[in-house]
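Fold and geometry: a report
Each chain is listed here by its residues.
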Amino acid sequence: MANPFKEYTLDQLMSAGEQPGSQASYYVDREMQRRRELAQQEVDAKVIAAADAQIEAAAHARRAADAAIASEQAAKHTARWTKVSAVAIAISVVVMAIGTMITATS
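This one's a predicted model, so the numbers in the text were calculated from it and none came from an experiment. (Residues numbered from 1 in each chain as written. Predicted model: local features only at pLDDT ≥ 70, side-chain atom pairs only at ≥ 80, totals over all residues. Heavy atoms only, no water.)

1. Thoughts on the side chain of Glu31
In plain terms, the rule: Helix and strand definitions here come from DSSP, where helices need a minimum of 4 consecutive H or I residues and strands a minimum of 2 consecutive E residues; each element is numbered from the N-terminal end. Pairing of N or O atoms within 3.5 Å defines a polar contact, subject to two protein rules: one partner must be a possible hydrogen donor and the other a possible acceptor, and residues neighboring in sequence count only if both atoms are side-chain atoms.
Mapping Glu31 onto the fold places it in helix H2 (residues 23-105). Separated by 2.8 Å, the side chains of Glu31 and Arg35 make a polar contact.

In structure tokens, the structure reads:
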């Protein structure tokens, strides 16, 4: 026999006023249980989706942290070569100054 209470709202089910143990009471109880189970399935699906979103967010955060580390390493590398370049320019200025003094005194 099909459940005649599937079309009823929750308020209608709660106020059905059936005798405990009757066939109608059984169908009301089964329909309420079915609705609770469907609601729980929706909640479970949303909890799983939220967990998946958190996992994805953590993966993005990790990639961002890796990119920040790589950027810092590149900045250190660039700073090192800038320092070497500055020293090379200073040496060439000193060499040119010495060359100019030697030329001026000759």
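Back to the write-up after that little detour.
2. Regarding the pattern of salt bridges
Worth spelling out the cut-off: What counts as a salt bridge is simple: a side-chain nitrogen of Lys or Arg found within 4 Å of a carboxyl oxygen of Asp or Glu. Only protein chains enter the accessibility calculation, which uses a 1.4 Å probe; a residue is then buried when its area is under 20% of its type maximum, exposed when over 50%, and partly exposed in between.
A full pass over the atoms with the stated rule returns 5 salt bridges. Between Asp66 and Arg62 there is a salt bridge whose closest N-O contact spans 3.7 Å. Residue Asp66 and its partner Arg62 are both found in helix H2; the two are separated by 4 residues, about one turn of the helix. On the accessibility criterion, Asp66 (39% relative accessible area) is partly exposed.

3. Some details on a nonpolar patch on the surface
Put simply, the rule is: The residues that make up patches have over 30% relative accessible area and no salt bridge, and they are joined within 9 Å when like-charged or within 5 Å when they are Val, Leu, Ile, Met, Phe, Trp or Tyr. For every accessible area listed, the method is Shrake-Rupley and the probe measures 1.4 Å; residues are considered covered only by the protein chains on display.
There is a patch of nonpolar side chains on the surface, built from Val87, Ile91 and Val95 and spanning about 270 Å² of accessible area. Topologically, Val95 is positioned in helix H2. A residue is classified by how much of its surface remains accessible, and Val95, at 54% relative accessible area, is exposed.

4. A word on H2
Inclusion rule: A helix is expected to span 1.5 Å multiplied by its residue count minus one.
Taking 1.5 Å per residue as the helical rise, H2 with its 83 residues ought to reach 123 Å, and the 122 Å between its terminal C-alpha atoms agrees with that figure. Here H2 has its buried residues at Ser25, Tyr27, Val28, Glu31 and Met32.

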